[in-house]
Amino acid sequence: MKRFCPLIIVFILSAAFYVLTGFALPEEFSLFGAAEDDLYAMDDDDDELYVAETQIAALETDAEPEIPVVRPGVSQTDAPEADTAADAEDSAVPEAPEADETQETQEAEETEPEAEELPVVHPGENTVIEVAPLPYTIGPVEPDYFADALFIGDSRTVGLGEYCPELDANASFYAKVSLTVRQALDKPFVETAEGKKTVYEMLANDRQYGKIYIMLGINELGGGTNESFREDFREMIGRIRVLQPGAIIIVQGIMHVTGSKSARDPNINNERINGRNAALAELADPKMRIFYVDPNENLDDEEGNLRAELSFDDVHLKAASYGLWYEYLLGHGVIAGS
Amino acid sequence: MSFTDFDFIFRFLPAFLILYYLAPAMARIYVLIVGSVFFYAMADLRFIPVLLFLSLWNYLIGKGAANGEKTVLALGVAADVISLAAARSLAAGLPGFALPLGISFYTFRMISYCFDSYRGKIPKETTFTQALAYFCLFPQILSGPIMRYGDFAKISAFTAPSETKPLKTRIADILVRVENGLTWFIFGLAAKVLLADHLRSLWNTLGGIGYESLSVPLAWLGALTYSMELYYDFWGYSMMAAGVGIMIGLPMIVNFDQPYASDSVGTFYRRWHMTLGTFFRDYVYIPLGGSRGGWLKTVRNLAFVWLLTGIWHGVNFGYLLWAASVLYMILVERALRERNSRIAAVVGRIHVLLGIPLTWVMFAVGDLERIGAYFLRLFPIVPTQGVVFAGDFAKYTSQYGIYLLFSLVFLLPCVYHCYVRFRRSVPVTVILSGLFVLSLISMARAGNNPFLYLQF
């Protein structure tokens, strides 16, 4: 070993590799699994990767620009008071004006990602899905309102599930630290007896929910535009809608960060969050049973920042603060009838 | 630029070493100075003039105090202490004023230089160039270790006659030196990146939850987590600094020597951040009379040293409480040892394994109200106001258990001693290479965490 210097050789090889590649690792790369993701995945590396990916996605979608919301229960637009048995056949042949385009997109939706293992999903086949009649209003609800609710989200929603026992007792949670809109349905993270499954698989095969709450977006503030974010979100809602035709989908505004964080972070700041939230609000479409609520109303200070005393790390609520979020949700349920 | 920047590891360090060893022996010290100033400038350009001015000042004081001039020494030390105190007060009081990087460490190196000069330990013919190279030395400028000038003078790379020989005849020596340095550098990098950074992530998560909402087992796990994080962060940094030092021809500077294997808090702090401990011993405790003046004076001297240690870390309630708790444990141990050494040893172990982690909680948390909230979860004598997630302990042990496990394994002195003994063997070299690659991947994956100790 005296004359031979193996570590120097390893060092030189690594240096060469670094100079050549800059160690740009794939986005999904994980060294030891779970804990790695807890480094909050909001660092610049991820943002850059995301930007690159968005650009590729933008190129790809140039051919087929608008991905419309897939509307399975289309008959409701015309006859909202009818209880509809929506099955996949129906939803594939909507009567909406943009029928052709919708159909194309939907076929792509259903065949592309799960062509190999999963059969084409027929949500609610042979089941009658109760759809409450229009109109809907937003107002106070009781805790058991959440008994058929599902929450999809990132670390903040993880916290809501853990530190709001009253809500956790009723609702279901598919939430994961560092989740983004683009991975939300296709990243296998839901623990089941048969291993980890994607939210898409769960929504297809598990059960039908009455309400699906979504809060996502803080992890992708560094990349894309408000419009691209909205369209990604729209596509995700569309895919959920196919699988869960009866559910009310409630999009939550992205929770703000504190003023001090907002002032010093070029990406994760409230100006950007407000832009994203305005784009999300455009997705609301009561006829399609898609609603937008903004829990920031119960968490902000006068300047529109997350109240500093509610958070320690400026991004996440402290355990004791989640009650305020829940309180807002209790006051802003979507109720059928006026 | 810190040791865990890719730019440092793969650009600065190799470029520096090549220039350093290509330069003729006479010029090598200038390469060291220019490299060090460049390294510091990359991290903190604003305070280069302060660093250079203090270097000149302390060199002159060193010359003036060399004949045992007490007044000159006092003048020099006062300037260093005032600079440090002023910088710290400004950083604490003036929003937007960042503490000059490394000032706590390089002013202490300067104080030690003045004292050593006063005590005749520094050769009279020392030039300003040599002193400047010592003050600015890049592996040590940001977070120590607080190496003495005597160790710096041992640097053989530009003093040994063999170094003037042509490159061909000394290349083998250089490679052995760099290879040896890499064994420490990589070990330190892995400790910092693979253990400390991941444990820090858990510690931050606990803060995010809010201490009042931790379950009791998680609160204890948190005390362990922070203790291990601090240890591997700073020990890792110290090994990286030592490794770079070896590469440029310095002796191995040991800053941590298996502190958690100690049987008393007193011993713990002789093995933890040793260069700071010996600094206070040599330049404060012993000049005050040490333990030779009877009980009362010993207690007074210890209290003064620990007050200074607390303040050196920062004027913050947590640091003072930490220092006071450590002092208390040391005094209890001293009192017990005079009566029954066996009981003293048992109490000492309990202090090290249980008391020290609790003092680190104070150290980390800082503010009285939050320290109180944390301790009420460690010792839940009153029910908490927070919301506790019953599954939190299971969740975080399953996510971070592996890091905690390894951090405990490397507390065992035999593991470390095995490493020291076999670090040039084939299997350990293979493991080290693997750890190096894993560390690089982890760094690329997680972005960079600056060293925790950098703020001090």
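Residues numbered from 1 in each chain as written. Chains lettered and ligands numbered in written order. Predicted model: local features only at pLDDT ≥ 70, side-chain atom pairs only at ≥ 80, totals over all residues.

Once that is clear, we can look at the sheet that holds strand β3 (residues 172–175) of chain A. All names here are of chain A. The sheet built from five strands is open, its strands ordered β3-β2-β6-β7-β8 with parallel pairing. Of all strands in the sheet, those bounded by a partner on one side alone are β3 and β8 (290–293). The mean inter-strand angle of the sheet, taken between neighbouring strand axes irrespective of direction, is 20°. Bridge count for strand β7 (residues 248–252) against β8 is four bridges, and the pairing is parallel. In the strand pairing of β8, Ile249 is matched with Ile290. (Pairing = 2+ DSSP bridges. Helix = DSSP H or I, 4+ residues; strand = E, 2+ residues; numbered from the N terminus. Axes fitted to C-alpha atoms, helices over the stretch in contact; angles between N-to-C directions.)

All names here are of chain B. In the contact formed by helix α3 (residues 48–65) and helix α4 (residues 70–93), the axes pass within 8 Å of each other and the chain directions differ by 160°. Between α3 and α4, the interaxial angle falls into the category roughly antiparallel. Viewed along their axes, α3 and α4 form a crossing whose handedness is left-handed. Contacts between α3 and α4 involve Leu54, Trp57, Asn58, Ile61, Gly64 and Ala65 on the former and, on the latter, Val72, Leu73, Leu75, Gly76, Ala79, Asp80 and Ser83. Here the contact of α3 with α4 is composed, by residue class, of eight nonpolar, four polar and one charged. (Parallel < 35°, antiparallel > 145°, perpendicular 65-115°, else oblique. Left-handed = near helix turned anticlockwise from the far one by under 90°. Contact = placed C-beta atoms within 7 Å. Nonpolar A, V, L, I, M, F, W, Y, C, P; charged D, E, K, R; others polar.)

Taken as a whole, helix α15 (residues 368–378) of chain B has its buried residues at Ile371, Ala373, Tyr374, Leu376 and Arg377 of chain B. Buried residues belonging to α15 of chain B abut α9 (216–247), α13 (317–339) and α14 (341–365) of chain B. (Buried ≥ 20, exposed ≤ 12 C-beta atoms within 10 Å, placed from the backbone.)

This next bit is on the domain arrangement of chain B. Residue and element names in this part refer to chain B. Segmenting chain B into domains produces domain 1 (6–160) and domain 2 (176–455). Between domain 1 and domain 2, the C-alpha centre-to-centre distance is 26 Å. The interface of domain 1 with domain 2 comprises 24 residues on the first partner and 23 residues on the second. Secondary-structure elements contributing two or more residues to the side of domain 1 that touches domain 2 are α1 (6–22), α5 (103–118) and α7 (149–152). Ranked by the residues each element gives to the side of domain 1 that touches domain 2, the list is headed by α5, at five residues. Here the side of domain 1 that touches domain 2 is composed, by residue class, of 16 nonpolar, six polar and two charged. (Domains from an automatic or database assignment.)

It is worth spelling out the confidence of the model for chain B at this point. Detailed conclusions should not be drawn from predicted coordinates in areas where pLDDT is low. For chain B, per-residue confidence averages 91 on the pLDDT scale, and 97% of positions sit at 70 or higher. Interface predicted TM-score (ipTM) for the complex: 0.86; the corresponding pTM is 0.82. (pLDDT = per-residue confidence, 0-100.)

Once that is clear, we can look at the confidence of the model for chain A. Confidence in the prediction of chain A, expressed as mean pLDDT, is 75, and 66% of residues score 70 or more. Note on residues 27–128 of chain A: pLDDT under 50 across the span, and 132 contacts to partners over four residues away in sequence or across chains.

It is worth spelling out the packing of helix α1 (residues 6–21) of chain A against α1 of chain B at this point. Running from N to C, α1 of chain A and α1 of chain B point in directions that differ by 115°, and their axes come no closer than 10 Å. Here α1 of chain B runs roughly perpendicular to α1 of chain A, going by the angle between their axes. Handedness of the crossing formed by α1 of chain A with α1 of chain B: left-handed. Together, Ala15, Tyr18 and Val19 of chain A of α1 of chain A and Phe6, Phe10 and Pro14 of chain B of α1 of chain B make up the contact between the two elements. Of the residues assigned to the contact of α1 of chain A with α1 of chain B, the class counts are six nonpolar, no polar and no charged.

By size, the foremost hydrophobic cluster in this structure holds 198 residues, and its most contacted members are Ile212 of chain A together with Cys114 and Cys136 of chain B. The dominant element in this core, judged by the number of residues it contributes, is α9 of chain B, at 19 residues. Taken domain by domain, this core gets at least three of its residues from each of domain 1 (6–160) and domain 2 (176–455) of chain B. Setting aside its immediate chain neighbours within four residues, Cys114 of chain B contacts Asn58, Ile61, Gly62, Ala65, Leu73, Gly76 and Val77 of chain B. (Core = buried A, V, L, I, M, F, W, Y, C linked by C-beta atoms within 7 Å.)

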